[in-house]
Amino acid sequence: EPEVTQTPSHQVTQMGQEVILRCVPISNHLYFYWYRQILGQKVEFLVSFYNNEISEKSEIFDDQFSVERPDGSNFTLKIRSTKLEDSAMYFCASNEWTGPGELFFGEGSRLTVL
Amino acid sequence: GQQVMQIPQYQHVQEGEDFTTYCNSSTTLSNIQWYKQRPGGHPVFLIQLVKSGEVKKQKRLTFQFGEAKKNSSLHITATQTTDVGTYFCAALTGTASKLTFGTGTRLQVTL
């Protein structure tokens, strides 16, 4: 069964460093998303992406964050200068179309900022 | 931004007991989705409800969408230990590409 894959599964970084989290969405999907979940809390929307541009972003997704689809398969989330409060699980998701429709989530990348 | 609230935050039941989680919004929703997240896992889609008053069943799970499309519920009959996890409702807020998750209800089931 097709699945969304994410790397790395866990990354530890120093405050102020840049991190890139990678995702390979399901191949025929057109809409891509990043969500984050601070331990024990709810799943928070960061950004949606379609047709090589951001469709919508939340207030969390400030200038420190960027997304890119550098080739036909990868979808990346970059955090330019990490802060302690960026420590969370980051989930990538994709679906075939926006609006009503099931989101398929990857297993997540755990980011720990020291 | 728009909030989607769930109650209770946490429920602990004995295996075989029933469980219900409620999802509430202050605004009318176009649809509602439900996801389950096992401990240490990722959200997994359960179902989507679109119509006012809609009721859908999946084995021991019953999902309802309120008549006013502002609330929804998930009821599990005769819980099993495999039901353990956090149940999230999720709704489109803002544009059609922003799915906002509720606060979640964590279910613990013991023998």
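Note: the structure precedes this text.
These notes cover the structure that comes with them. (Residues numbered from 1 in each chain as written. Chains lettered and ligands numbered in written order. Predicted model: local features only at pLDDT ≥ 70, side-chain atom pairs only at ≥ 80, totals over all residues. Heavy atoms only, no water.)

**Digging into the interface of chain A and chain B**
Move 1: Between chain A and chain B, the contact holds 20 residues from the first and 21 residues from the second.
Move 2: Broken down residue by residue, the surface that chain A buries against chain B is led by Lys 42, Glu 56 and Phe 105 of chain A, which jointly contribute 30%.
Move 3: Applying the counting rule to chain A against chain B returns zero salt bridges.
Move 4: In this assembly, chain A and chain B are joined by five residue pairs in polar contact (both at pLDDT 80 or more). (Contact = heavy atoms within 4.5 Å. Buried area = accessible area lost by both parts, 1.4 Å probe. Salt bridge = Lys/Arg side-chain N within 4 Å of Asp/Glu carboxyl O. Polar contact = N/O pair within 3.5 Å; in protein donor to acceptor, adjacent residues only side chain to side chain.)

**What to know about the layout of surface pockets**
Move 1: One number sums up the size of the largest pocket: a volume of about 560 Å³.
Move 2: Elements that contribute at least two residues to the lining of the largest pocket include exactly strand S9 (88-95) of chain A together with strand S9 (85-92) and strand S11 (105-110) of chain B.
Move 3: Of the residues forming the lining of the largest pocket, the biggest block, four residues, is contributed by S11 of chain B.
Move 4: Split into classes, the residues belonging to the lining of the largest pocket amount to nine nonpolar, 13 polar and four charged. (1 Å grid on protein atoms, 1.4 Å probe; cavity = no way out; pocket = protein on both sides within 12 Å on 5 of 7 lines; lining within 4 Å. Points joined across faces, edges and corners; volume = space filled by probe spheres on them. Helix = DSSP H or I, 4+ residues; strand = E, 2+ residues; numbered from the N terminus. Nonpolar A, V, L, I, M, F, W, Y, C, P; charged D, E, K, R; others polar.)

**A closer look at the sheet that holds strand S7 (residues 65-68) of chain A**
Residue and element names in this part refer to chain A.
Move 1: Reading across from one edge, S1-S3-S8-S7 is the order of the four strands in this open sheet, with antiparallel pairing throughout. With one partner strand each, in any of the chains shown, strand S1 (5-7) and S7 form the two edges of the open sheet. Neighbouring strand axes in the sheet, compared pairwise and without regard to direction, differ in orientation by 20° on average.
Move 2: Alignment of strand S3 (residues 19-24) against strand S8 (residues 75-79), held across five bridges, turns out to be antiparallel. Residue Cys 23 lies in a different strand from S8, and its bridge partner there is Phe 75. (Pairing = 2+ DSSP bridges. Axes fitted to C-alpha atoms, helices over the stretch in contact; angles between N-to-C directions.)

None of the figures reported here should be taken as evidence of function without further support.
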